[in-house]
Each structure stands twice: as C-alpha cells, then as structure tokens.
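# Results of the structural survey
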Amino acid sequence: MNAIECDGLTRHFGNIRAVEKLTLQVPAGSIFALLGSNGAGKTTLLKLILNLLRPSSGQARVLGGDSAKLRADNFQRIGYVAEDVIHPDWMNLSSFLGYHRSLYRSWDSKLESQLRDKFNLPEGIAIKRFSRGMRMKAILLSTLCFRPELLVLDEPFSGLDPQVRDDLIEGILELTAADSPCTVVISSHDIAEIERLADWVGILAHGRIVLAEALTELQFRFRRIEVVGPDVRQQMPDPAPAGWIRAEATTPTLIQFIHTQFNTNTEAELRSMFVNARIQSSQLSLRDIFLATSKSSTSTDGLLT
Amino acid sequence: MSSFLAVLKKDLGRNWLLMLATTLIWVVCLAMALFYEANPEQPLRISLLTVGIIARVVLVVVVAVVVVQTDLIMDDRAAWRTRPIGRTTLLLSKVVALTLGLVAPSILLDTLARLLLSTSLVEALVASAATGMLLLAALLFVALISALTRSLTQFVLLTCAIGVILTVAAFSTSGINTPNMKVQIDGVAIPLRNVLNSNNPDQVSPTTTWVVSTICILLAGSFSLVVTYLTGRRIVAFAAGIVTYTIAVMAPGFWHLNLSPEVSQAPSVAPSPSSTRVTSAGKALSQLSAIRSASIVNYTLRVDGLTAGWTMDWHSAAMRIQGSNNQTILGSAFGSGHGLRAAASAAARTILNREDRTSVLIPGALSLPLSDLESLRGSTARIEGSIRVMPRFYQVVHTLPLSPGTQREKSGNRWRVVTTKRFPIGRNSTDMQLWSVTVDAIIGTNPTSRPEEFQMVLVNEPRQEMALPSLHLKSTSLETGVLRIQRTEVAFARDYRVFPDLYGGVRHELDEEWMKGATLIILSSSPGPAFTVPLRDDEATFASLPAH
Amino acid sequence: MLPFRIDFHSGEPVYEQVIYAAKKAILSGVLSPGERFPSVRSLSQELKINPNTAHKVVAALTAEGLLAVHPGVGTVVAPSVPGSAEDRAQVLVQDTERLVVEASRLGLTEEQLLNAVRKHWRKLNPSP
C-alpha cells in the first residue's frame with residue numbers, strides 16, 4: 001500500500017525541466033525523506049503531488065486518488081507545511097487555531113493542548129510578529145492537530161535552531177507514533193537534520209529520482225570497503241566492477257571504495273579477488289551515501305538498479 | 001458549510017473595523033445631505049460632502065480588495081489551496097462577506113434616510129435595493145480585479161490600465177466624439193453607441209435602462225468571478241471577464257424594455273409613428289470634424305406630427321446615401337440631445353401661451369466613411385434610411401422670482417435661487433453683458449420617480465420673451481444615493497426670437513430692465529416610447545466640405 | 001528520561017548506534033534485570049528517531065534475549081542476561097579497537113597496555 005505513487009510525472013516551466021518523467025512510490029506509514037540539493041525539483045514535485053501545480057504529463061496518485069482531482073474534502077486527510085505558504089498570519093495563536101479547528105472534522109483538541117504546552121508559543125500577539133521558529137511551530141500545530149494521514153513538509157527545518165527543530169520533530173513523532181500512523185514526506189537539502197527521522201529515502205537530482213528505498217536496505221547495500229594487503233594495488237581490477245564508486249588505491253597496500261551493491265556474498269567474492277588481503281567493510285551514514293551518489297554523477301545510472 | 005462559516009468569520013473578523021468605518025462615513029454623508037434638505041438657508045458645502053463620498057469609495061474598494069486577496073486565487077502559495085476549503089465555498093464566503101459588510105449596511109442606511117424624507121417603506125426599500133444592486137455590481141468588478149492580482153498595488157495598476165483601455169476604446173469607436181464632447185458615464189454602464197434596430201420599433205425607456213444595464217453587469221461580474229474561482233487560470237479568467245463584460249455593456253442597447261411607469265401627467269397622447277413624418281431640413285451639408293476613418297457631417301431633420309407638449313429627440317439612424325455617380329455610402333447618426341430647445345418649447349406653451357407646435361428641427365451629426373466622402377464633394381446625393389426618434393414630454397415644475405433666497409419645493413425636489421449677477425463677456429468688459437444665475441437644488445433620487453433631466457429658462461412675461469442658458473459656468477452635483485445635491489451657475493442671454501427653430505448662434509444682451517420682469521422656470525423631462533420612421537427620397541448637397 | 005544517553009554521530013547508522021547504547025546500558029548493569037525498558041514511543045520521542053527504527057531496536061534486543069516482553073507491563077530487561085562473556089565483550093569491540101590503535105600509535109608494547117588496563121581495573125574493583 002502506497003500513500004503516494006508518481007508515474008512518469010513531468011513538469012516543465014518553459015524550457016526548464018523541473019520534474020522529468022519521475023516515478024516514485026512512498027509507502028504508507030513511512031517517514032520518507034526527499035533529499036536533493038537546492039533546485040533539484042523537490043518543491044515542484046511536492047506541489048504536483050498536492051495539486052498546487054498541474055503536471056505537464058504523467059500522473060501522481062495520492063491516498064489512492066489522482067492528484068489532479070484532489071478536492072477540498074481530500075485535504076481533511078492531507079497536511080502541507082512549507083515556508084512560502086501565505087497564512088492568515090494577522091491572527092493570534094488562539095484565533096489561528098480556532099479558524100483551523102472549525103475547518104477540520106477530525107481536529108484533536110487533546111493533541112492541540114498537548115502540543116501547545118510543548119511548543120510554548122506566545123498567546124497575545126499576531127503570528128506574523130512571531131520569530132521564524134515560533135511561526136513554523138504555529139503552522140505545524142495547525143496541521144498536526146487534525147491528524148492528517150499524509151503530512152507533506154517542504155524544507156520544514158531550514159534556518160531553524162536545533163531546539164526548535166527538536167520540538168518540531170517531537171510534534172511530528174506524535175503523529176507517527178499513533179495507532180494509525182501517518183505517512184510523512186519531508187524534503188530537505190540537509191541530511192543531518194532528518195537522518196534519524198526517516199526510514200525511507202528518495203534522492204532527487206535534476207528533476208529525476210536517483211534512488212528511492214528503505215533506509216535499512218540502503219545502508220546495507222552501501223558499504224565502505226577497505227582492502228589492505230601486500231600488492232593489492234596490482235590486483236585491482238580495471239575497469240572497476242559495476243557497483244563500485246570512488247575506487248582508489250591510495251598506497252600499494254590499500255584500496256578504498258564504496259560498494260553500492262553489497263550483499264551477503266560480497267565479502268567472499270572480495271576475498272577471492274584479493275589474495276592474502278584483509279577486507280574491512282563498514283556501513284555508511286545517510287549523509288555519506290547522499291554525497292557518494294551526488295558526487296559520482298557518472299555512476300548514478302548504476303545506482304538506479 | 002462549516003468551512004464557509006469559518007472563512008466568512010475570518011474575513012469579517014479581520015475587516016469589521018474598516019467596514020464599520022465605511023458605514024460611519026456613510027452615516028455622516030447622509031446626515032449632511034439630510035441636513036441640507038432640512039435647512040434650505042444653509043449654504044451648500046459640496047466639497048466637504050465630496051471628501052466624505054470619496055473616502056467611502058476608497059474604503060469600500062480597499063475592504064473588497066483585502067477580503068478577496070486574503071485568500072489569493074492566482075497563487076499556489078495560498079494556504080487555502082491545501083486546506084479543506086472548496087473554490088465555490090471560498091467564492092461564496094467572499095461575496096457574502098462583501099454583501100454583509102458593505103452592501104447590507106448601505107441598503108439599511110439608505111432606506112432609513114429615505115424614510116426620514118417621508119418616502120413610503122416599500123418605495124424606500126425598492127429604491128435602496130436598486131442602489132444596493134449598483135454597489136454590488138461595482139463590488140463584483142472590484143472583486144474580479146482583486147482575484148486577478150496579488151496586491152493592492154497590482155490592483156490599482158490593473159484598474160488604471162483597464163480605465164485607459166476603456167477610455168481609448170470609447171473614443172476610438174464612438175463616431176460622434178469631437179474634442180469638446182465628453183464621454184458620459186451613466187451609473188455603472190458606459191453608454192456606447194445605441195444600435196438602430198429598425199425591425200424592433202418598440203419601446204425604449206432610458207430612465208430605466210440603467211436597471212437592465214446593472215443587472216447585465218451583475219450577471220457578467222458573477223459569471224466572471226465563478227470562472228475565475230473555479231478555474232484559477234488567469235488567461236481563462238481574463239477572457240471570461242472581457243467577453244462577459246463586453247456583452248453586458250452592449251446587451252442593453254438591444255434590449256427594448258419599458259420598466260418605468262408611463263408618463264402620467266401627459267395632457268395629450270404621445271406622437272404616434274403613423275402620424276410622424278421626418279424630412280431633411282438643411283439641404284447643404286458641411287463637415288464638422290473627422291476622426292480616424294469617419295467624417296462627421298451635420299445633418300438636420302425636421303419632424304412633423306408632434307402633439308401638444310411633446311417634442312422629439314434624434315435617437316439614432318441608419319442611412320444610405322447615393323451620389324450622382326451612383327456611388328453608395330452607408331452612414332449612421334446619433335442623437336445629440338436638444339433638451340434646451342425642447343424646454344423652450346414647453347415653456348413657451350405653458351408660460352407664454354404660445355400655440356403648440358407640431359414640428360421641430362433636430363440637428364444631428366451624420367457619420368460617414370471619410371474615403372467615400374471625397375467623391376461626394378460639391379455634388380447632390382439622395383438619402384434614404386430609417387430614423388429612430390424618441391419623444392419627450394416637458395413640463396414646468398417651478399416658477400421662481402429671480403431674487404436670491406427664493407425657493408420652491410415639489411415632490412421631494414427643492415430649488416433655490418442663490419445669486420443673480422451681471423458679468424461681462426469678451427475681451428473688453430464693454431463687449432457684452434450677460435446675467436449669471438446660481439441655483440441650488442436638492443433632488444430626491446428615487447430612481448423610480450426621478451425625472452431624467454431638468455432644464456432652466458428665463459421668461460419675461462410682460463415682454464413675451466424668453467432667455468435660454470448660453471453658457472454653463474459651473475455645475476457641481478453629488479449623489480448620496482438618497483439625494484442629489486447640486487449647484488448650477490448658468491449664464492443667460494436673450495434669444496433673438498422667443499421661439500427660434502434652431503437654438504444657438506444668435507445671442508442678445510440682457511439688460512437690467514429685462515431682468516426685472518424675469519422669472520426662472522424649472523422644467524423636467526420624461527421620455528415617451530421611442531419608434532422608428534422611414535426617411536425616403538431626400539436630397540442633400542455636399543456643398544461646403546472643407547479640404548483636409 | 002531514558003536510562004542511557006546517545007551522542008549521535010554521523011558516520012554510523014542510527015539503528016546501530018541505538019542498539020549499541022542499549023546493550024551497553026544493559027550489559028554494564030545501568031539497567032538491572034526486571035527493570036522497565038523504554039517503550040517504542042518514548043524511545044522515538046526522546047531520541048527523535050523514527051518509530052520504526054525504535055521498534056526494530058526493541059525487536060532486535062528482544063530477539064537476542066536482552067529484553068523480555070511482559071504482557072500488561074511492557075518490555076523489561078531480561079532477568080538473567082544470557083550469552084557468554086564473549087557476547088558481552090563484543091559490546092566493547094569498538095572501544096577496545098580504539099584503545100589498541102592509540103596504544104600502538106604511542107609506541108606501547110602489548111604488555112605495557114595490559115598493565116595499564118589492569119591498573120585501572122583494580123582501581124575500580126579494589127577487592128578481587
């Protein structure tokens with residue numbers, strides 16, 4: 001069961017191909033990190049998914065329905081938080097929440113008071129006079145309290161201090177820890193801030209998906225390999241086998257590379273390839289995986305498998 | 001439903017202070033107007049009232065723009081796009097917010113003011129609802145422009161752009177515009193050319209065409225807004241707006257409706273199409289001006305078959321002109337109005353006991369294609385066509401002695417002479433002496449009972465002579481919705497004869513002696529049913545067309 | 001508050017880091033047998049980690065016999081920590097490796113390193 005399915009989704013702005021023939025599945029109940037550098041097409045993709053933009057071609061399905069046919073009632077189940085959304089921010093917190101409370105059938109007043117305690121926001125002043133972090137908290141509050149089935153967050157943490165970020169993450173985790181967990185899609189250009197949060201990862205570059213899979217599988221198949229032994233440099237295959245990236249023999253006795261197709265047989269294969277050598281493999285952090293995929297643009301095609 | 005109420009509550013919550021301020025300004029304006037009505041001796045301070053009315057218009061526009069632009073339509077950053085708020089719901093809540101916050105208080109206050117003027121409740125409600133409809137039509141247009149833009153600045157820019165385009169379009173499409181003619185704006189409808197419809201010689205009532213116009217404009221505004229909100233596409237919205245508003249402005253021209261009550265005081269039956277004959281009066285045609293490809297040629301009609309008290313206006317005409325070389329030109333003509341002459345006719349009959357006239361000359365402007373006209377220069381041509389004429393009934397409303405402070409009142413309309421003074425005209429102060437008369441008027445503006453226009457003439461009964469206004473020196477008027485308050489200063493000159501066929505050209509000085517025996521006559525005019533008569537086998541010489 | 005702390009560092013999967021910290025707390029006795037282990041929800045909330053990751057941590061520790069599920073009570077530390085001394089030593093494999101690397105860099109012999117370790121051991125456990 002997928003919360004979002006994109007099939008050949010394309011959006012052009014004039015000559016700019018913001019999103020190009022993109023196919024992607026976001027499993028229901030996952031926290032899906034959509035990673036990509038600035039301008040990779042993350043915001044356009046999210047806006048297509050939410051029917052804020054019309055696709056040039058292709059289709060996105062959201063919670064089982066065509067995204068281009070999303071109606072007011074569908075947004076009873078979908079929440080969207082982004083920096084550039086224009087909110088009625090002349091209101092103070094109480095009227096802001098009151099306004100949204102009257103819009104949603106599934107508003108959870110208990111969660112509202114719980115999060116209001118946690119977020120500790122000022123009551124008397126207009127939201128537009130809030131600091132950036134407080135503003136983001138207020139907006140997230142208005143979105144979490146109706147317990148959306150799908151929560152789409154576009155760069156929610158950029159430019160926020162770690163304390164605010166932790167508060168926001170706790171708020172989001174309130175939803176995902178519920179009995180009927182919600183699907184969360186978070187876009188970011190900074191992996192560190194969502195590494196602990198995500199269990200699914202999609203990497204976007206130039207409007208195309210480089211990879212999209214469960215974080216555990218990703219971290220299993222991406223390994224940093226060190227081969228240490230006499231004359232290993234001479235035993236290094238040329239060209240490097242498929243799946244190896246950034247392979248280099250720094251010294252005659254050391255070969256380092258990142259194996260992108262690591263599996264249970266890999267170590268044995270390597271041992272037979274390099275005689276008398278010690279093979280060390282270690283897992284990579286999401287950040288290293290992201291850097292590896294984005295820097296080795298030549299081998300990104302190999303990563304798609 | 002709950003999202004409708006939520007959005008409505010939000011918008012009223014944000015703007016209630018501005019809405020209240022708008023209402024309070026209107027209270028002050030109405031109070032001032034009622035004060036003038038109740039205290040005739042007070043000097044009119046129209047400029048003060050003007051400030052109030054302008055302030056109200058500005059506030060109304062600002063409120064409407066803010067209400068609409070709080071939830072942007074043409075912007076994917078608007079929060080409502082990802083909230084459970086439907087497009088129809090949003091539009092509905094905006095229109096209801098504007099109606100509740102601006103239109104309803106206005107109707108309520110207007111009704112109250114009319115009741116204070118001792119109008120009956122039903123009449124007051126009908127009249128106030130009519131002005132409320134005008135306001136709503138204007139608000140829907142403002143809402144449409146607001147929906148197409150993102151900020152107040154953009155709104156102002158787009159509105160200015162539309163204004164410029166409309167003005168240019170009005171000038172370039174109108175055949176009768178000369179530099180000294182102004183584009184007239186009537187209600188919310190800009191009257192473009194009235195299209196002759198000879199197949200439909202039925203009834204037209206200009207008094208109430210604005211009702212039809214306003215309904216059309218309301219429908220256009222509603223339709224465009226629905227399209228704008230439902231599609232959210234700027235190009236589609238623009239196209240819908242242009243098309244529907246164009247249709248709405250043009251449609252009433254084809255719409256022959258008689259909504260106003262028949263002229264009740266008419267002592268005689270209106271002229272009938274069968275007994276009316278139209279011929280050409282001036283045989284030599286001369287060019288007045290040329291605009292783009294059209295040439296404006298003066299052309300005077302003589303209408304026979306008038307009944308007592310009635311006179312005739314030239315409404316519109318379609319003509320075929322056949323030159324001696326068998327060349328055919330199609331031309332059209334539009335009425336230039338001749339209320340003054342008609343008023344003179346009515347005054348002459350009532351005050352001076354002259355005979356009723358059965359014929360009248362109507363000068364008009366014939367619009368012909370410039371290129372074809374050259375070939376007609378100096379030759380005689382045959383003219384055929386059909387003319388749409390509009391009978392008018394004039395009656396004397398008041399007779400006022402010409403001393404400052406004198407005033408008369410009748411059916412909610414009050415007139416007062418403010419000053420009379422002699423002043424010189426021309427380069428030397430000895431050239432010519434005219435008399436100026438300043439008159440204040442407060443006219444009830446119930447659209448169902450207000451006469452279309454008023455005219456002033458001076459009559460010297462002992463001498464059996466009449467003086468007509470020769471110069472409109474100053475005219476300020478203000479509609480508050482309930483009352484029209486106006487101050488008019490007119491310069492009078494004695495006509496060559498009491499009853500000329502054609503007014504204009506010959507003026508005579510008025511002396512002290514003449515003015516001593518003079519009284520000011522106020523006349524009102526009401527239209528009768530318009531009809532079309534044929535013009536056949538007429539001849540005209542295009543004699544004095546000036547070369548370019 | 002959780003009975004153990006994690007200073008997350010980039011370079012190692014989050015799951016591994018949480019497993020390591022929890023094992024260390026259990027095996028070193030910070031969490032004694034029978035004591036309640038934090039729920040998936042509070043693990044996720046306190047550590048700001050994905051609830052699925054927290055769930056996997058608890059499941060893995062339970063599968064290894066370090067935790068036991070008591071219906072109605074929740075997850076508790078298993079009464080007797082099973083497994084050999086080797087299993088427990090496995091927990092310290094990283095720290096040991098780091099120690100050995102640092103000692104070699106300083107030019108210490110194996111004997112000198114063991115002496116230093118023994119000295120610290122006795123300081124913490126005076127009576128053998």
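Shown above is the structure to which this text applies.
Below is a short write-up of the structure. All figures in this text were calculated on a predicted structure; none of them were measured in a lab. (Residues numbered from 1 in each chain as written. Chains lettered and ligands numbered in written order. Predicted model: local features only at pLDDT ≥ 70, side-chain atom pairs only at ≥ 80, totals over all residues. Heavy atoms only, no water.)

### What about the overall build of chain B?
The line we're drawing: For helices the rule is a DSSP run of H or I covering at least 4 residues; for strands it is a run of E covering at least 2, with both sets numbered from the N terminus onward. Buried residues are those whose accessible area, probed at 1.4 Å on protein chains only, stays under 20% of the maximum for their type, while exposed residues exceed 50% and partly exposed ones sit between those limits. Note on contacts: a residue pair qualifies if any of its non-hydrogen atoms lie within 4.5 Å across the two residues. With residues, only the protein chains shown are counted as cover, and all accessible areas are computed by Shrake-Rupley using a 1.4 Å probe.
A count of helices and strands for chain B gives 10 helices and 16 strands. In chain B, which comprises 548 residues, the proportion classed as buried is 50%. Sequence-distant contacts in chain B: of pairs separated by 6 or more residues, those separated by 24 or more amount to 76%. Summed over its atoms, the accessible surface of chain B is roughly 24600 Å², and 60% of this surface lies on carbon and sulfur atoms.

### Structural notes on the overall build of chain C
Scanning chain C from terminus to terminus reveals six helices and two strands. Of the contacts formed within chain C by residues at least 6 apart in sequence, a portion of 54% connects residues at least 24 apart. With an accessible surface of roughly 8200 Å², chain C has 58% of that area assigned to carbon and sulfur atoms.

### Description of the interface of chain A and chain C
To keep things clear, this is the line we draw: The quantity reported as buried area is the accessible area (1.4 Å probe) lost by two parts once they are put together, taken as the sum for both. Take a side-chain nitrogen of Lys or Arg and a carboxyl oxygen of Asp or Glu: if they are within 4 Å of each other, that pair is a salt bridge. By the criterion applied in these results, polar contacts are pairs of N or O atoms within 3.5 Å in which, for protein atoms, one can donate a hydrogen and the other can accept it, and in which residues neighboring in sequence qualify only through two side-chain atoms.
Each partner contributes residues to the interface: chain A has 23 residues there, and chain C has 17 residues. Between chain A and chain C, the buried area comes to about 1600 Å², and carbon and sulfur atoms account for 48% of it. For the pair chain A and chain C, the number of links is two salt bridges. Between Arg41(C) and Glu174(A) there is a salt bridge, with its nearest N and O atoms 2.9 Å apart. For the pair chain A and chain C, the interface holds nine residue pairs in polar contact (both at pLDDT 80 or more).

### Re the packing of aromatic side chains
Residue and element names in this part refer to chain A. For clarity, the threshold we go by: Two rings from Phe, Tyr or Trp (for Trp, the six-membered ring) form a pair when their centres sit within 6.5 Å of each other. Planes less than 30 degrees apart are called stacked, planes more than 60 degrees apart edge-to-face, and all others tilted.
One pass over the structure, following the stated rule, counts six aromatic pairs over all chains. When the ring of Trp244 is compared with that of Phe257, the centres are 3.6 Å apart and the planes differ by 10°; the resulting orientation is stacked. With Trp244 in strand β12 (residues 244-251) and Phe257 in strand β13 (residues 254-259), the pair connects residues that are 13 residues apart, well separated along the chain. For Trp244, a relative accessible area of 8% corresponds to the buried category. Connected via pairs of aromatic rings, a cluster forms that spans Tyr104, Trp107 and Phe146.

### With respect to the packing of helix α2 (residues 40-47) of chain C against helix α3 (residues 51-63) of chain C
All names here are of chain C. As a reminder, the rule being used: Each axis is a line fitted through C-alpha atoms, and for a helix only the stretch in contact is used; angles between axes span 0 to 180 degrees, taken between their N-to-C directions. Any angle between 65 and 115 degrees counts as roughly perpendicular, while under 35 counts as roughly parallel, over 145 as roughly antiparallel, and the rest as oblique. With the far helix as reference, a near helix turned anticlockwise by less than a right angle produces a left-handed crossing, and one turned clockwise produces a right-handed crossing.
Between α2 and α3, whose axes approach to 8 Å, the crossing angle comes to 125°. The angle between the axes of α2 and α3 places the two elements in the oblique class. Considering how the two elements wind past one another, α2 and α3 form a crossing that is right-handed. Each of Val40, Leu43 and Ser44 in α2 lies in contact with α3, whose residues at this interface are Pro51, Ala54, His55 and Val58.

### Remarks on the pattern of salt bridges
Following the criterion strictly, the structure yields 32 salt bridges over all chains and no others. Across the salt bridge formed by Arg17(A) and Glu20(A), the nearest N and O atoms sit 3.3 Å from each other. Under the relative-accessibility criterion, Arg17(A) is labelled exposed at 51%. According to the relative accessible area criterion, Glu20(A) is buried, its value standing at 6%. The closest approach of N and O atoms between Arg221(A) and Glu213(A), which form a salt bridge, is 2.3 Å. Judged by its relative accessible area of 13%, Glu213(A) is buried. Within the structure, one salt-bridge network assembled from shared partners comprises Lys118(A), Glu170(A), Glu174(A), Arg41(C) and Lys48(C).

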